[in-house]
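Structure assessment
Letter by letter, the chains look like this.
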Amino acid sequence: MNNDGMTKTLLKLIETIDQRTQKEDADSYVYRIISSGHDKVAQKFGEECIELIIDASKMNNKRIVYEAADVLFHYLLLLKSHNITLEDILSELKSRERD
């Protein structure tokens, strides 16, 4: 996948999270977890990080990819729950660049 494809996939995921957060749909995992509050979102993000660490230590690349996708998804949910955008994070990273 090239950079354009990665960007489109990530932007689509962010758009989906935004849409599902706004729609009061009890069947939506995104809506349910965001509605459960900051602590629950943070807890779930932490759980996913631990699962990734475990699989990384086992050198299981297939599981690493799977869990890394979960971490990315739950990271975006964590940001959303605090009304922080990915652009905010990228701006912070940009401010840390050295010439």
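Everything below is about the structure printed above this text.
Report follows, based on the coordinates. Note that the structure is a prediction, hence the values are computed from the model and not measured.

The secondary structure content of the protein chain amounts to five helices and zero strands. When the helices and strands of the protein chain are listed from N to C terminus, the series reads α-α-α-α-α. Oriented by its inertia axes, the alpha-carbon framework of the protein chain measures out at about 40 × 35 × 25 Å. The buried share of the protein chain, taken over its 99 residues, is 21%. For the protein chain, contacts bridging at least 24 residues in sequence account for 51% of all contacts bridging at least 6. Measuring between centres, the 14 positive side-chain charges of the protein chain sit 4 Å from its 18 negative side-chain charges.

Another aspect to go through is the side chain of Ser-81. In this fold, Ser-81 is placed in helix α4 (residues 61–81). On the accessibility criterion, Ser-81 (12% relative accessible area) is buried. Dropping the residues within four chain positions of it, Ser-81 is found in contact with Ile-34, His-38 and Val-41.

Compared with an ideal rise of 1.5 Å per residue, which puts 21 residues at 30 Å, α4 spans 30 Å between its outermost C-alpha atoms and is within 8% of the ideal. Among the residues making up α4, those that are buried are Glu-67, Val-71, Phe-73, His-74, Leu-76, Leu-77, Leu-78, Leu-79 and Ser-81. The secondary structure elements touched by the buried residues of α4 are α1 (3–22), α2 (29–35), α3 (38–57) and α5 (86–95). Just beyond α4, the residue with positive phi is Asn-83, at close to 55°.

Each value, and the rule that gives it
- Residues numbered from 1 in each chain as written.
- Predicted model: local features only at pLDDT ≥ 70, side-chain atom pairs only at ≥ 80, totals over all residues.
- Heavy atoms only, no water.
- Helix = DSSP H or I, 4+ residues; strand = E, 2+ residues; numbered from the N terminus.
- Buried < 20%, exposed > 50% of the residue type's maximum accessible area, 1.4 Å probe, protein only.
- Contact = heavy atoms within 4.5 Å.
- Lys, Arg positive; Asp, Glu negative; His and termini not counted.
- Charge placed at Lys NZ, Arg CZ, Asp CG, Glu CD.
- Expected span 1.5 Å × (residues − 1).

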